[in-house]
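Now for the letters of each chain:
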Amino acid sequence: MTELPALEDGAAPLRILLLEDSDLDAELLGAVLEDAALSVALDRVISRDAFAAATGAGCHDIILADYVLPAFDGMSALAMARDRCPEIPFVFVSGTLGEEVAVEALKNGATDYVTKQRLDRLPRVILRALSEARAHVLRRQAEQALRDLNEGLEQRVAERTRELAEANAALQHQIAERERIEDALRQAQRLEAVGQLTSGVAHDFNNLLTVIAGNIEFLERAVFDDRSRRRLEMMRGAAERGARLTAQLLAFSRRQKLEPVPVQLNRTVASMRDLLQSSMGGSSRIEMTLQPDLWPALVDATQIELIILNLAINARDAMAVGGCLTIETANVRLAAPPARAEEPMPGEYAMVAVSDTGTGIPAEVLARVFEPFFTTKEVGKGSGLGLAQVYGFAKQSGGGVRIDTRVGEGTSVRVYLPRVAGEAALHEVRPATADVSLARDTSDKRVVLVVDDDSAVRDITTTRLGEAGYAIREAGSGLAAIQALEADPAVDLAVLDFAMPGMNGVEVATVIRSRWPAIQILFVTGYADHTALSQVDVGGDDRVVQKPFRGEDLERKVASILERRPRLTLVAGGAGR
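Quick caveat: nothing in here was measured; it's all calculated off a predicted structure.

A.B. asks: Tell me about the pattern of salt bridges, residues and numbers included.
C.D. replies: Within this structure, the stated rule accounts for 27 salt bridges. In this structure, the salt-bridge partner of Arg515 is Glu305, at a minimum N-O distance of 3.2 Å. Highlighted residues: Arg515 in helix α15 (residues 505–515) and Glu305 in helix α9 (residues 301–318), separated in sequence by 210 residues. Exposure class is identical for Arg515 and Glu305. Each is buried. Close ionic contact of Arg414 with Asp404 constitutes a salt bridge, the shortest N to O distance being 3.3 Å. Here the residue Arg414 occupies a position in strand β12 (residues 410–418), and Asp404 occupies one in strand β11 (residues 400–406), the gap between them amounting to ten residues.

This is how it looks when you write it as structure tokens:
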């Protein structure tokens, strides 16, 4: 007999599951293993149920099975063993196992086979099968360890990749934030530089206008012929227009004179509904979303109305017929630092927003919208000072402006105004009386305000009325006329062109009627829209003069209005806000 390798000293006996129906063959097999000095523990079974229970327990090192059994066959046993305990070696020990059957058995998962005529091979086959099984287990364990190592490596790589991605994202965010801050700083520096230049120009220009206006006044005392006095009146009107322009520039550079008082913005917005509706001209609808418990704002009550009106007119011009203008108020607490120069600092604000459903603002335009004289409108359709005034007013008031816009969808301009600290009383602008006669010179001329965006037409109108003996004041737009009346409401008659960019004549008349009801109105137009004129009580055809003027139609209607006008005290101011 070939010498077999000895088992390790003290090792547990091999646990062998033996499927054998012959007692003699079982004893012979045990003797062969004993002669080979193998320490074994044999568990012999005969029936299918006993074999199934033994393989289900999985407590054996190897299975030895006969191929031919009385009520059970070896192939069925092999299939059951592969299903229940696939890791345990399975060796056929049979006296009738032919070569073809043996090959089929090996194909179906048997580890090896031994014929009963060559049982001397059995100990070596058992040891080889156990060695292969152990190697298989070790290989599987090594493969699993390698898989675990690869998975751990992949996890570490994924974690490291994620860490690098997060670090890269943080770096990109820091770069973007730095670029944003640098852009905001450059914009703030640019606006500050423009503001300083503007305020300096406005200051010097005001000095020049002071000299011009003063000398005009001196000349008026020495000039008596009508032609020369008309020329002086025209010069005075030009000086007043220059003064209004410098006032707009000072608003941008935050050098205008403000009188901040506690104001309830909801009252201000609500009181402007009729004016805003007339400003829309029926082309757009107006919606208001007013927060009930809105904080009072510390702001100049007169200027905020002009700001809202200015934004509403800009919104109207950006929308097609059928658009929607939305005015919203809200209490806002800001914690984030400003991203742009015009935005407010962190704090608590009463906010008023004017939104439209118009064309939106492209990025390259948005970067410059607050610069004075920058406009995308046609020549003569806008001065480029509207948003510059909004910016200067909000900043000087202690707040800021934020524009949210999407091209093709619309724009929202949010004006943030500082809230009133404590329980300060709300401000109401009450009608203030002013006796116009006290502001008149000794000649007691009636004062006529001529509002027309066409300077040539305005020159004709002012010249004819000046020659008729009236004191003339001029304005080149509706907003300029309202600002002029804010500064000095001592006007008897306003002659309004109907068709003007921005506010048309009806819109200007609506404001005058609500705030200065003693001022008479006369429209000058070439194609008066009588539907629009019906929005205000113009007093019939006597209050409308058609262009071109025919004969003395203009002078006759002005004289008719002013002659029948009683000498009453002028009421200046507006409704409570």
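A.B. asks: With reference to specific residues and values, describe the sheet that holds strand β10 (residues 347–356).
C.D. replies: Taken in spatial order, the five strands of this open sheet run β7-β9-β10-β12-β11, and their pairing is mixed. Unpaired on one side and paired on the other, β7 (284–289) and β11 mark the two borders of the sheet. Here the average twist between neighbouring strands, direction ignored, is 20°. Where β7 meets strand β9 (residues 323–334), six bridges bridge the pair, whose relative direction is parallel. Within β9, the position partnered with Glu287 by the bridge is Thr326. Across the sheet, helix α8 (residues 273–280) is in contact with β7 and β9; its angle to β7 comes to roughly 150°. Sheet strands touched by α9: β9, β10 and β12. Its angle to β10, the strand with the most contacts, is close to 35°.

What counts and how
Starting from 1, residues in each chain are numbered consecutively following that chain's sequence as written. In keeping with the model being predicted, local features are shown solely for residues with a pLDDT of at least 70 and side-chain atom pairs are shown and tallied solely at 80 or more, while totals for entire chains, interfaces and linings include all residues. Side-chain numbers come from the whole structure's heavy atoms, not from hydrogens or water. Counted as salt bridges are all cases of a side-chain nitrogen of Lys or Arg within 4 Å of a carboxyl oxygen of Asp or Glu. To qualify as a helix, a DSSP run of H or I must reach at least 4 residues; to qualify as a strand, a run of E must reach at least 2; elements of each kind are numbered from the N terminus. Exposure classes here rest on a 1.4 Å probe applied to the protein chains alone. A residue is buried below 20% of its type maximum, exposed above 50%, and partly exposed in between. The rule for pairing is simple: two strands pair if DSSP sees at least two bridges between them. Helix axes are fitted to C-alpha atoms over the stretch in contact, other axes to C-alpha atoms as well, and angles between N-to-C directions run from 0 to 180 degrees. It only takes one pair of heavy atoms within 4.5 Å for two residues to be counted as in contact.

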